[in-house]
Amino acid sequence: MNALIIFVLLLALMLTGMPISISLGLTVLTFLFTMTQVPIESVALKLFTGIEKFEIMAIPFFILAGNFLTHGGVARRMINFASDMVGHWHGGLALAGVLACALFAAVSGSSPATVVAIGSIILPAMVRQGYPKSFGAGVITTSGALGILIPPSIVMVMYSVTTNTSVGKLFMAGVVPGVMLAFFLGLTTWWLARKHGYPRMAKASWGQRWASFRKSAWGLLLIVIVMGGIYTGSFTPTEAAAMAAVYAFVIAVFVYKDLKLKQVGKVLLDSASMSAMLLYIITNAVLFSFLMTSENIPQAMAEWLTGQGLGVVAFLLVVNVLLLLAGNVMEPSSIVLIMAPILFPVAMKLGVDPVHFGILIVVNMEVGMCHPPVGLNLYVASGITKMGITELTVAVWPWLLTMLAFLVLVTYVPQISLWLPNLIYS
């Protein structure tokens, strides 16, 4: 009964148009004040201890690194390199967009940042080359979602904080699925481009490819620093995030010189603003999680689901449906912070690997970012392309179906996620 009251209250507050973070906090406070004897001091204590975790520091650093890279000319050089490598195939510039999104995802950790950085450069170029605007928008909106699957990923850090799963293992687990999804999105792009006869670019010589690689190497080196540092144990994911932020600042300001020193203040302010927003959501989600635990809701839900005789296959199907539905009304950070504490205990009881479960959630979040009504990538792409959300929704369908097929694959073939972390951490 208490669970029903909590969720109805949360839903009612969200339907008023109130931000999710405030809805979460108000739900907790209303319930604690009116229906429990929990001392209010424990709420203040939980607020403080909830975000007193070393891993959470990675979030502002990755946001800062992503912002430096977005403004620092790294994206343009990655697009040039990607165009030289795959531009001569069917739909060359669109394929270059997919590859550039995958590369930028590996240095930024954020989907919206990937869509903005790559989309704002490559979409006008695609329209000039004769591609329909809707085709370009579909490619970039969905490929930009790779930002939260290919490590480093801010959403993975949030899952780690919520469930106490190793961030390093999650990052390693995201590599193979990330590369596979990039390949499938590229394959869909190539097939559609070939079918409709979209333009190809002239084949670049190996000399040109080497030159564009050298120009983009400073940005690509960040992938080696972050993943190599974590893999070799040289630093933790949080320290890797700090290294990434410093490195991104140096290459944007002093190496590429596309970001002027006077612009650094604005980048810092934007990053602080986004970090504060995410940390506020995390704080309220921690409170919500505390309320759920004190009311024994996850445990009761776990017992009920296992009592229904749900096996692993049926449970994972239920999880996918729940998360895809949640993706209709919430953005990824909120979904992970609300749903993970509820679903995680059930998954553990059924013997699902915590790292595999994390990747499954992240892939669901990717799909959620690309469909209405609150698909974040749709809104970002809409701002770049000046297309309506309805028009964009139709444009992304072929790639969205590819992502849904990939979600089924990741859900029921755990080795896709677990092979690399098991190899490294065994």
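Refer to the structure printed above.
Read on for a plain summary of the structure. All values reported here derive from a predicted model rather than from experimental measurement.

### Brief notes about the overall build of the protein
Okay, step 1: Of regular secondary structure, the protein possesses 20 helices and zero strands.
Okay, step 2: For 426 residues, the compact-globule formula gives about 22 Å, and the C-alpha radius of gyration of the protein, at 22 Å, lands near that figure.
Okay, step 3: Overall, the protein is about 70 × 45 × 45 Å in size when its C-alpha atoms are taken along their principal axes.
Okay, step 4: Approximately 17600 Å² of the protein is accessible, and the part contributed by carbon and sulfur atoms is 70%.
Okay, step 5: Positive and negative side-chain charges of the protein, numbering 20 and 13 respectively, have mean locations separated by a distance of 20 Å.

### Section: the nonpolar core
Okay, step 1: Counting 146 residues, the largest nonpolar core has Ile 118, Phe 135, Leu 323 and Phe 357 as its most contacted members.
Okay, step 2: The element best represented in this core is helix 6 (residues 92-108), accounting for 13 residues.
Okay, step 3: Apart from residues lying up to four places away in sequence, Leu 323 is in contact with Ile 335, Met 339, Leu 343, Leu 360, Ile 361, Asn 364 and Met 365.

### Some words on the pattern of salt bridges
Okay, step 1: Going through the model one piece at a time under the given rule, you end up with three salt bridges.
Okay, step 2: The closest approach of N and O atoms between Asp 258 and Arg 76, which form a salt bridge, is 3.5 Å. Linking Asp 258 in the loop between helix 12 (237-255) and helix 13 (261-294) with Arg 76 in helix 5 (residues 74-86), this pair joins segments that are 182 residues apart in sequence.
Okay, step 3: Taking the relative accessible area as the measure of exposure, Asp 258 reaches 27% and is therefore partly exposed.
Okay, step 4: The partly exposed category is assigned to Arg 76, whose relative accessible area is 37%.
Okay, step 5: Two residues, Asp 270 and Lys 266, come together in a salt bridge whose shortest N-O distance is 3.0 Å.

### As for helix 12
Okay, step 1: Those residues of helix 12 that fall on the buried side of the exposure criterion are Pro 237, Thr 238, Ala 240, Ala 241, Ala 244, Ala 245, Tyr 247, Ala 248, Ile 251, Ala 252 and Val 253.
Okay, step 2: Against the buried residues of helix 12 lie helix 4 (58-71), helix 5, helix 10 (167-196), helix 11 (206-232) and helix 13.
Okay, step 3: Within two residues after helix 12, Lys 257 carries a phi angle of roughly 60°, on the positive side.

### Describing the packing of helix 10 against helix 17 (residues 354-368)
Okay, step 1: It is at 10 Å that the axes of helix 10 and helix 17 come closest, and there the two elements cross at 45°. Overall, the two elements helix 10 and helix 17 adopt an arrangement that is oblique. In terms of crossing hand, the pair formed by helix 10 and helix 17 is right-handed. Along its contact with helix 10, which presents Lys 169, Leu 170, Ala 173, Gly 174, Pro 177 and Leu 181, the element helix 17 presents Val 355, Gly 358, Ile 359 and Glu 366.

### Observations regarding the packing of helix 16 (residues 332-349) against helix 17
Okay, step 1: Viewed as axis vectors pointing N to C, helix 16 and helix 17 meet at an angle of 145°, and their least axial separation amounts to 11 Å. Considering the relative orientation of helix 16 and helix 17, their crossing is right-handed. Across from Pro 332, Ile 335, Val 336, Leu 343, Phe 344, Ala 347 and Met 348 in helix 16, the residues of helix 17 making contact are Pro 354, Phe 357, Ile 361 and Met 365.

### Examining the packing of aromatic side chains
Okay, step 1: Throughout the structure, instances matching the rule amount to 14 aromatic pairs.
Okay, step 2: On the basis of an interplanar angle of 90° and a centroid distance of 5.8 Å, the ring pair of Phe 249 and Phe 254 is categorised as edge-to-face.
Okay, step 3: For Phe 254, a relative accessible area of 47% puts it in the partly exposed group.
Okay, step 4: Here the basic side chain of Arg 77 rests over the ring of Tyr 256, its NZ or CZ set 3.8 Å away from the ring centre.
Okay, step 5: Over the ring of Trp 206 we find Arg 209; its NZ or CZ atom is 4.4 Å from the centre of that ring.

### Quick word on the side chain of Ser 153
Okay, step 1: Summarising the element assignment, Ser 153 is placed in the loop between helix 8 (133-143) and helix 9 (154-163).
Okay, step 2: At 3.2 Å, the side chain of Ser 153 and the backbone nitrogen of Met 156 are in polar contact.
Okay, step 3: When near neighbours in sequence (up to four residues on either side) are disregarded, Ser 153 contacts Gly 109, Gly 147, Ile 148 and Phe 171.

### Overview of helix 10
Okay, step 1: The terminal C-alpha atoms of helix 10, which comprises 30 residues, lie 42 Å apart, in line with the 44 Å expected from a rise of 1.5 Å per residue.
Okay, step 2: Helix geometry: helix 10 is bent most strongly at Val 175, by close to 30°, with proline Pro 177 lying one to four residues after it.
Okay, step 3: The backbone nitrogen of Gly 168 lies 3.4 Å from a side-chain oxygen of the residue at the head of helix 10, namely Ser 166.
Okay, step 4: Following helix 10 by one or two positions, Gly 197 has its phi on the positive side, about 65°.

### Looking at the environment of Ser 294
Okay, step 1: Counting through the fold element by element, Ser 294 comes out in helix 13.
Okay, step 2: Through-space distance from the C-alpha of Ser 294 to that of Val 74 is 47 Å; in sequence the pair is 220 residues apart.

### A look at unusual backbone geometry
Excluding glycine, most residues fall at negative phi; most peptide bonds, likewise, are trans.
Okay, step 1: That bond from Pro 151 to Pro 152 is cis: its omega, 0°, falls within 30 degrees of zero.
Okay, step 2: With respect to the helices, strands and loops of the structure, Pro 152 is situated in the loop between helix 8 and helix 9.
Okay, step 3: Even without being a glycine, Asn 164 presents a positive backbone phi close to 60°.
Okay, step 4: As for its position among the elements, Asn 164 is in the loop between helix 9 and helix 10.
Okay, step 5: Unlike most non-glycine residues, Lys 386 shows phi in positive territory, near 60°.

What counts and how
Residues numbered from 1 in each chain as written. Predicted model: local features only at pLDDT ≥ 70, side-chain atom pairs only at ≥ 80, totals over all residues. Heavy atoms only, no water. Helix = DSSP H or I, 4+ residues; strand = E, 2+ residues; numbered from the N terminus. Rg over C-alpha atoms; globule rule 2.2 N^0.38 Å. Areas by Shrake-Rupley, 256 points an atom, 1.4 Å probe, with all protein chains shown as cover. Lys, Arg positive; Asp, Glu negative; His and termini not counted. Charge placed at Lys NZ, Arg CZ, Asp CG, Glu CD. Core = buried A, V, L, I, M, F, W, Y, C linked by side-chain atoms within 4.5 Å. Buried < 20%, exposed > 50% of the residue type's maximum accessible area, 1.4 Å probe, protein only. Contact = heavy atoms within 4.5 Å. Salt bridge = Lys/Arg side-chain N within 4 Å of Asp/Glu carboxyl O. Axes fitted to C-alpha atoms, helices over the stretch in contact; angles between N-to-C directions. Parallel < 35°, antiparallel > 145°, perpendicular 65-115°, else oblique. Left-handed = near helix turned anticlockwise from the far one by under 90°. Phe/Tyr/Trp six-rings, centres within 6.5 Å; stacked < 30°, edge-to-face > 60°. Lys NZ or Arg CZ within 6 Å of the ring centre and 35° of its normal. Polar contact = N/O pair within 3.5 Å; in protein donor to acceptor, adjacent residues only side chain to side chain. Expected span 1.5 Å × (residues − 1). Bend = angle between axes of the 7 residues up to and from the residue.

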